[in-house]
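Notes for the structure review
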Amino acid sequence: MNFTVGFKPLLGDAHSMDNLEKQLICPICLEMFSKPVVILPCQHNLCRKCANDVFQASNPLWQSRSSTTVSSGGRFRCPSCRHEVVLDRHGVYGLQRNLLVENIIDIYKQESSRPLHSKAEQHLMCEEHEDEKINIYCLSCEVPTCSLCKVFGAHKDCEVAPLPTIYKRQKSELSDGIAMLVAGNDRVQAVITQMEEVCQTIEENSRRQKQLLNQRFESLCAVLEERKGELLQALAREQEEKLQRVRGLIRQYGDHLEASSKLVESAIQSMEEPQMALYLQQAKELINKVGTMSKVELAGRPEPGYERMDQFTVSVEHVAEMLRTIDFQPGTSGEEEDEEVAVEGEEGNAGAEEERTDGRESTGQH
């Protein structure tokens, strides 16, 4: 069904009334505001019933005022600007009424005797029957039409209904759909907010666990460095003790060698003496010295293998293999891990102290 819409010239006052009428339309029900009108924190207006519908859709678990228990409030978003409206325990009934808008509506209704959109309806004309208004709705074809089209025209075999009835029905359906869509948008926004909070929590937890991981591996490295220093000190002490003993023997043998060499030189010089009497005066003493020097026993040399240091060999293969098996342990909370690290640190310090004591005792035995 084709139809045309024609707008006849309006007076200036009527045009102003139309503009005023547009400012008094609720964005939810698309009707003129009904008393009482509530004003939101963002300064936009809603019918209290529409505001309550949007609020109930966004807060399905909220208890009404008539129930025995009252919830602590709720929130929804303004359908005009998406500003979040936070309500107290009174819900929508806690919003302030806009008395100015209500007074303007009263004045407008007094000045205008026609229903909302009556001018547009008066100028909606049938294209096939130019003098006929569009006043019925064809349910079969789902288009508005005129009475003549139903009686004589293309819709004579169709099922029709009064135009105001279908108008109110579809406007109510659209209003409910808008409320559901607004509530759905609020739920989606809430989910997005929750997921953003989850992302932030993931980053914070990951940062914390990285710090703990670095601290624990630094603790392991500190233990290894401490133990390495202790073993190196034990090795250095053993090296110094053996070197002092061997060097003392070297000095003792060197002194004996020097004295023996000097005695040999003296004996050779004495043997070159041509005078027998003079030679005999010195020979007896030299013979005694040579005999005594040849009979002197020096301290024994170090036993075979004394120079070996392989008793200080350390086996780290099993420790390295154990370190390679370090992995995350699921199900362990951060606080429990902190306590375990503290206990392990105390046990490690006690074990290290025992090992240092054992190392000093074994070094003293060497």
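Reference entry: report on the structure contained in this document. (Residues numbered from 1 in each chain as written. Predicted model: local features only at pLDDT ≥ 70, side-chain atom pairs only at ≥ 80, totals over all residues. Heavy atoms only, no water.)

1. What to know about the overall build of the protein
For the protein, the count of helices and strands is nine helices and ten strands. Classification of the 366 residues of the protein by burial places 23% in the buried group. A fraction of 57% describes how many contacts in the protein between residues 6 or more apart in sequence connect residues 24 or more apart. (Helix = DSSP H or I, 4+ residues; strand = E, 2+ residues; numbered from the N terminus. Buried < 20%, exposed > 50% of the residue type's maximum accessible area, 1.4 Å probe, protein only. Contact = heavy atoms within 4.5 Å.)

2. Structural notes on the side chain of Asn 45
If you trace the backbone, Asn 45 turns up in strand E3 (residues 45-47). A distance of 2.6 Å separates polar atoms of two side chains, one belonging to Asn 45 and the other to Asn 98. (Polar contact = N/O pair within 3.5 Å; in protein donor to acceptor, adjacent residues only side chain to side chain.)

3. Quick notes on the sheet that holds strand E9 (residues 143-145)
Judged by pairing direction, the sheet is antiparallel, and its three strands sit side by side in the order E9-E8-E10 without closing on themselves. Of all strands in the sheet, those bounded by a partner on one side alone are E9 and strand E10 (160-162). Sheet twist, expressed as the average angle between the axes of neighbouring strands with direction ignored, equals 35°. In the sheet, strand E8 (residues 136-138) pairs with E10 via three bridges, with the strands oriented antiparallel. Looking across to E10, one finds that Tyr 137 is bridged to Ala 161. Along the sheet, helix H6 (residues 163-271) makes contact with E8, E9 and E10, crossing E10 at roughly 85°. (Pairing = 2+ DSSP bridges. Axes fitted to C-alpha atoms, helices over the stretch in contact; angles between N-to-C directions.)

4. Regarding the nonpolar core
Counting 26 residues, the largest nonpolar core has Cys 26, Phe 33, Leu 40, Leu 46, Phe 76, Leu 87 and Ile 105 as its most contacted members. Examining the composition of this core, we find that four residues originate from one element, helix H2 (residues 48-58), more than from any other. Apart from residues no more than four positions distant in its own chain, Leu 40 is found in contact with Leu 46, Phe 76, Cys 78, Val 85 and Leu 95. Counting residues in hydrophobic clusters, the runner-up holds nine residues, among them Cys 126, Tyr 137, Cys 146 and Ile 166. (Core = buried A, V, L, I, M, F, W, Y, C linked by side-chain atoms within 4.5 Å.)

5. A closer look at a negative patch on the surface
Negative charge collects at one region of the surface, where Glu 127, Glu 128, Glu 130 and Asp 131 lie side by side. Residue position: Glu 128 is located in the loop between strand E7 (124-126) and E8. (Patch = residues over 30% accessible without salt bridge, like charges linked within 9 Å, V, L, I, M, F, W, Y side chains within 5 Å. Areas by Shrake-Rupley, 256 points an atom, 1.4 Å probe, with all protein chains shown as cover. Salt bridge = Lys/Arg side-chain N within 4 Å of Asp/Glu carboxyl O. Lys, Arg positive; Asp, Glu negative; His and termini not counted. Charge placed at Lys NZ, Arg CZ, Asp CG, Glu CD.)

6. Some points on the packing of H6 against helix H7 (residues 276-295)
Two elements in contact, H6 and H7, have axes separated by 10 Å at closest approach and are oriented at 155°. Taken together, H6 and H7 sit at an angle that is classed as roughly antiparallel. Crossing angle aside, the handedness with which H6 passes H7 is left-handed. On H7, the residues touching His 256, Ala 259, Ser 260, Leu 263, Ser 266, Ala 267, Ser 270 and Met 271 of H6 are Tyr 279, Gln 282, Leu 286, Lys 289, Val 290 and Met 293. Residue classes in the contact of H6 with H7 are distributed as eight nonpolar, five polar and one charged. (Parallel < 35°, antiparallel > 145°, perpendicular 65-115°, else oblique. Left-handed = near helix turned anticlockwise from the far one by under 90°. Nonpolar A, V, L, I, M, F, W, Y, C, P; charged D, E, K, R; others polar.)

7. Some remarks on the pattern of salt bridges
In total, this model carries 13 salt bridges according to the counting rule given. Put simply, Lys 49 and Asp 53 hold a salt bridge, and the shortest N to O gap is 3.2 Å. Here Lys 49 and its partner Asp 53 are both found in helix H2, four residues apart, which amounts to about one turn of the helix. When its relative accessible area of 32% is taken as the criterion, Asp 53 is described as partly exposed. Here the salt bridges share partners, and the residues they tie into one network are Arg 77, Arg 82 and Asp 186.

8. Here's the deal with helix H3 (residues 99-111)
With 13 residues, H3 should cover 18 Å at 1.5 Å per step; its first-to-last C-alpha distance of 18 Å lies within 8% of that length. The set of residues buried in H3 consists of Val 101, Glu 102, Ile 105 and Tyr 108. Taken down its axis, H3 places every buried residue within 120° of arc, on the same side. Counted as exposed and oriented over 90 degrees from the buried face of H3: Leu 99, Leu 100, Gln 110 and Glu 111. (Expected span 1.5 Å × (residues − 1). Arc of directions from axis to C-beta.)

9. Here's the deal with the packing of aromatic side chains
When we look at a pair of aromatic rings, we describe it by the centre distance and by the angle of the planes. Inspection of every chain in the model, using the stated rule, returns zero aromatic pairs. Lying across the ring of Tyr 306, Lys 242 places its NZ or CZ 5.1 Å from the centre. Lying across the ring of Tyr 306, Arg 245 places its NZ or CZ 4.7 Å from the centre. (Phe/Tyr/Trp six-rings, centres within 6.5 Å; stacked < 30°, edge-to-face > 60°. Lys NZ or Arg CZ within 6 Å of the ring centre and 35° of its normal.)

10. What to know about the pairing of strand E5 (residues 84-87)
Residues Val 85 and Leu 87 point to one face of E5 and are all buried, whereas Glu 84 and Val 86, pointing to the other face, are not buried. As defined by bridge partners, strand E4 (residues 74-77) adjoins E5 across four bridges and the pair is classed as antiparallel. Counted as the bridge partner of Gly 74 is Leu 87 from E5. Counting the residues that bridge the hairpin from E4 to E5 gives six residues, and of these Arg 82 lies at a positive phi of roughly 65°.

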